[in-house]
Amino acid sequence: MAVATQAAGILSDSREAAPLVEVEHLTKRFRQGRREIVALDDVSFAVYPGEIFGVMGLSGAGKSTLIRCINLLERPDAGRVTVAGQEMTRLTGRSLMQARRRIGMIFQHFALLSSRTVAGNVAFPLEIAGFPRPEIRRRVDELLELVGLSDRAAAYPSQLSGGQKQRVGIARALAPEPVLLLSDEATSALDPETTLSVLRLLQEINRRMGLTILMITHEMHVIREICHRVAVIDQGRLVEIGPVAQVFSRPQSEAGQRLLRAQLQEDVPADILNRPRDSSHRLFRLGFLGEVAHEPVVAEVVRTLPVMLNVLFGRIEQLGGVPWGRLVVEISGTPAAVEEARQYLKRRGVEVEEIRPVDQESAAVPSPARVEGGAA
Amino acid sequence: MGWESLSALLGPLGSPFLWQQMTQALKETLLMVSLSLVLAELGGLPLGVLLVVSGPGHLRPNPVLHHVLGIVVNVGRSLPFIILMVAIIPFTRLIVGTSIGTWAAIVPLTVAAIPFVARLVETSLLEVDPGVIEAAQAMGASFSQIIGRVLLPEALPSLIAGATITAINLVGYSAMAGAIGGGGLGDLAIRYGYQRFQVGVMIVTVVILVLFVQVVQVVGDSLARRVDHR
């Protein structure tokens, strides 16, 4: 799939192609002693060919169960999973094994065979699928080249860094030329820099081979970095789904807003969020998505209304390929003027969210100085 | 201790007959330990694999099989070797045609070592990262592929360490084989060293046994290290 078509599809949910993955009314319960835990509650969604689809949620939300239900590592109690036209939930035994060989998977803790070399690990799925030896050798060389580990072919996993291990995991998952790649918190055990390089690799694979990726993560920045669409899962329920730009800039669900707020707190120094405020000094988070980012809206406010506008924090990033500007501003003036400024911004298409004081607990934690968080 | 008593003590060591006996005994010990080790691994390895895969949450959970196997293994391990050796004489006779001699000793040694090996194998296989097993499942590996290409190779260093312990245990058990005419170094030590008061023979035999065990341990350790890439 070309990059252009991907970008065009980002802001709309309607797709012409048939879905590659279809999840319908998926339900899974676990018994824990006498208690029954509903890990997945009537979850339905579809993933389309060529997209990177993220599933986000706090730990314990049910994302892990969800991804394990896709390749039937976990058998759902109810509902259907279809991958590339094949109904996974109907398969057992040999036919399930065959179907799994078309779905690659990478793991948080890599799950490499310690008894095999890097090349041996990549060869593993090909061996069990009965590929002829020369072909295995050729594929392994190709894949190690792709992930940049040709020179470590004879090394054992214990001799590699975390990032290198995950690259081996990716090469292994790609070996049988899967139609879908599942990523189970694949970067959660890596440091930020390595995470970024692994994400870039996944993105490159998605672009070059058109491989569809379904990833679950609790890290918002992972989704922000490479996903096209995202679903938010909370307490086993899918509460929100849409293009990344949309979900991140104006989350509809309570869980989505909570996740975003957590991210904001990570981004904005606590002392800014804790500035004293009243009806004539109010703090707002402003979001500029796409078009509106190019217009001098903030300047217009100051020029037309009797208010002061103090920029406390600012950042521009890419959200699923769309520029997304974020500001934290303090607007001061008479209560009526401040309110009018808020309304004005809203009318101009800016996302406006008032920042309420953080509760005492989190406010008590001092935040280290951040480079990007300079007050204006 | 004066020179006289010392020479009395070491006197028998000068006899070529005794050295011949000792060489013979060493050969018998080697035969008993190595053969029963191989046979016990052949029996204990599958048993240990069954114990593991039938366990809760593993590849083929089967509570009934798991429990029955567990009980069988425990019974086998709780019998003192000397009792077991005598108790299974009819079985031994059925297998090797006699209940006396080195070959006859190999049967009870094997029978005693199988449950021991099974437990060690179980422990080794349980150490294998469940994430790796799950990854193999996700890649579409079959039951036998997971056992043959994941479980056993991943546990190999630990399995070798277990076999080393088994071999050393078998050296100890084989010393009791004298009770049924099994021969071996332990038997020699008892007959000459203890029953004939030839302390010198006792000391030499013990030294040989110590060296023997040492060699087994060193070889086992280095093998385990060679295959360990964890």
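Residues numbered from 1 in each chain as written. Chains lettered and ligands numbered in written order. Predicted model: local features only at pLDDT ≥ 70, side-chain atom pairs only at ≥ 80, totals over all residues. Heavy atoms only, no water.

1. What to know about the interface of chain B and chain A
Counted only if it meets this: The contact criterion used throughout is that any non-hydrogen atoms of two residues lie within 4.5 Å. By convention, the term buried area covers the 1.4 Å-probe accessible surface removed from two parts as they join, with the contributions of both added. In the sections that follow, a salt bridge refers to a side-chain nitrogen of Lys or Arg positioned within 4 Å of a carboxyl oxygen of Asp or Glu. Pairs of N or O atoms are called polar contacts if they sit within 3.5 Å, as long as, within protein, a hydrogen donor faces a hydrogen acceptor (for residues adjacent in sequence, only side-chain-to-side-chain pairs). Strands here are runs of E lasting at least two residues and helices are runs of H or I lasting at least four, both read from the DSSP assignment and numbered beginning at the N terminus.
With 18 residues of chain B at the contact, the number on the chain A side is 22 residues. When the buried area of chain B at its contact with chain A is split by residue, B:Met139, B:Arg149 and B:His229 rank highest and sum to 34% of it. Where chain B touches chain A, the interface holds 2 salt bridges. Here A:Glu127 and B:Arg149 are joined by a salt bridge, their closest N and O atoms 2.9 Å apart. For the pair chain B and chain A, the interface holds 9 residue pairs in polar contact (both at pLDDT 80 or more). Elements with a contribution of two residues or more to the side of chain B that touches chain A: α7 (130-138) and α8 (143-174) of chain B. The dominant element in the side of chain B that touches chain A, judged by the number of residues it contributes, is α7(B), at 7 residues.

2. So, the environment of A:Val297
Residue and element names in this part refer to chain A. Note the cut-off: Relative accessibility decides the category of a residue: with a 1.4 Å probe and only protein chains considered, values under 20% of the type maximum give buried, values over 50% give exposed, and everything between is partly exposed.
By secondary structure assignment, the location of Val-297 is in helix α12 (residues 297-304). On the accessibility criterion, Val-297 (0% relative accessible area) is buried. For the pair Val-297 and Arg-348, spaced 51 residues apart in sequence, the C-alpha separation works out to 7.4 Å. With residues up to four places along the chain from it excluded, the contact list for Val-297 reads Val-292, Tyr-344, Leu-345, Arg-348 and Val-350.

3. Focus on unusual backbone geometry
Residues and elements named next belong to chain A. A positive phi angle, close to 65°, is found at Leu-72, a residue other than glycine. Here Leu-72 lies in the loop between α2 (63-70) and β4 (78-83). With phi around 50°, Glu-185 is a residue other than glycine that occupies positive phi space. Here Glu-185 shows up in the loop between β7 (180-184) and α7 (192-209). Look at Glu-185 and you get buried, because its relative accessible area is 9%.

4. Observations concerning the sheet that holds strand β1 (residues 21-32) of chain A
Residue and element names in this part refer to chain A. Defined as follows: Here, any two strands with at least 2 DSSP bridges between them count as paired.
The antiparallel open sheet is built from 4 strands, whose spatial order is β2-β1-β4-β5. The strands lining the two open edges of the sheet, one partner per strand, are β2 (35-47) and β5 (86-87). Here β4 pairs with β5 via 2 bridges, running antiparallel. Looking at the pairing, Thr-82 lines up with Glu-87 of β5.

5. What to know about the sheet that holds strand β8 (residues 212-217) of chain A
All names here are of chain A. To keep things clear, this is the line we draw: What counts as an axis is a line fitted to C-alpha atoms, over the stretch in contact for a helix, and the angles between N-to-C directions run from 0 to 180 degrees.
Spatial strand order, β6-β7-β8-β3-β9-β10: 6 strands in an open sheet with mixed pairing. Lying at the two open borders of the sheet, with one neighbouring strand each, are β6 (103-107) and β10 (237-243). Going across the sheet, the axis of each strand differs from the next one's by a mean of 15°, ignoring polarity. The pairing of β6 with β7 spans 5 bridges and is classified as parallel. Bridging from a neighbouring strand, Ile-103 pairs with Leu-180 of β7.

6. A look at the pattern of salt bridges
All names here are of chain A. Under the criterion given, the structure shown has 29 salt bridges over all chains. Residue Arg-138 pairs with Glu-142 through a salt bridge whose shortest N-O separation is 2.7 Å. Here Glu-142 and Arg-138 lie together in helix α5 (residues 133-146), a separation of 4 residues that amounts to about one turn. The closest approach of N and O atoms between Asp-234 and Arg-258, which form a salt bridge, is 3.3 Å. With Asp-234 in strand β9 (residues 229-234) and Arg-258 in helix α10 (residues 254-267), this pair connects stretches of sequence that are 24 residues apart.

7. Quick look at the nonpolar core
The condition that has to hold: Residues belong to a common nonpolar core when they are buried Ala, Val, Leu, Ile, Met, Phe, Trp, Tyr or Cys residues joined through side-chain atoms within 4.5 Å.
Judged by nonpolar contacts, the single largest core of 76 residues is most densely connected at A:Ile70, A:Met88 and A:Leu180. Per-element accounting of this core gives the leading share, 9 residues, to α8(B). Leaving out residues up to four positions away in the same chain, A:Ile70 has contacts with A:Val21, A:Val23, A:Val81, A:Val83, A:Met88, A:Ile103, A:Leu180, A:Leu182 and A:Leu214. Of all hydrophobic cores here, the second largest spans 54 residues; its members include A:Ile205, A:Leu211, A:Cys227 and A:Val230.

8. Here we look at a nonpolar patch on the surface
All names here are of chain B. This is how it is decided: Patch members must show over 30% relative accessible area and no salt bridge, and they are joined within 9 Å when carrying like charges or within 5 Å when they are nonpolar side chains of Val, Leu, Ile, Met, Phe, Trp or Tyr. Shrake-Rupley sampling with a 1.4 Å probe provides the accessible areas, and residues are treated as covered by the protein chains on show and by no other component.
Taken together, the side chains of Phe-91, Leu-94, Ile-95, Val-96 and Trp-103 define a hydrophobic patch exposed on the protein surface, amounting to about 540 Å² of accessible area. The element that contributes the greatest number of residues to the nonpolar patch is helix α5 (residues 89-96), accounting for 4 residues. By the secondary structure assignment, Val-96 is in helix α5. You can call Val-96 partly exposed: its relative accessible area is 34%.

9. So, the environment of A:Ile331
All names here are of chain A. Its place among the elements puts Ile-331 in strand β13 (residues 322-332). Look at Ile-331 and you get buried, because its relative accessible area is 0%. Taking the C-alpha atoms as reference points, Ile-331 and Leu-72, separated by 259 residues in sequence, lie 53 Å from one another.

10. Things to note about the packing of helix α4 (residues 118-128) of chain A against α5(A)
Residue and element names in this part refer to chain A. Our working definition: An angle below 35 degrees is treated as roughly parallel, one above 145 as roughly antiparallel, one from 65 to 115 as roughly perpendicular, and anything else as oblique. Should the near helix be turned anticlockwise from the far one by less than a right angle, the crossing is termed left-handed; should it be turned clockwise, right-handed.
Running from N to C, α4 and α5 point in directions that differ by 125°, and their axes come no closer than 9 Å. By the criterion of interaxial angle, the relationship of α4 to α5 is oblique. By crossing handedness, the relation of α4 to α5 is classed as right-handed. Residues Val-118, Ala-119, Val-122, Ala-123, Leu-126 and Glu-127 of α4 form the contact with α5, whose participating residues are Ile-136, Arg-139, Val-140, Leu-143 and Leu-144.

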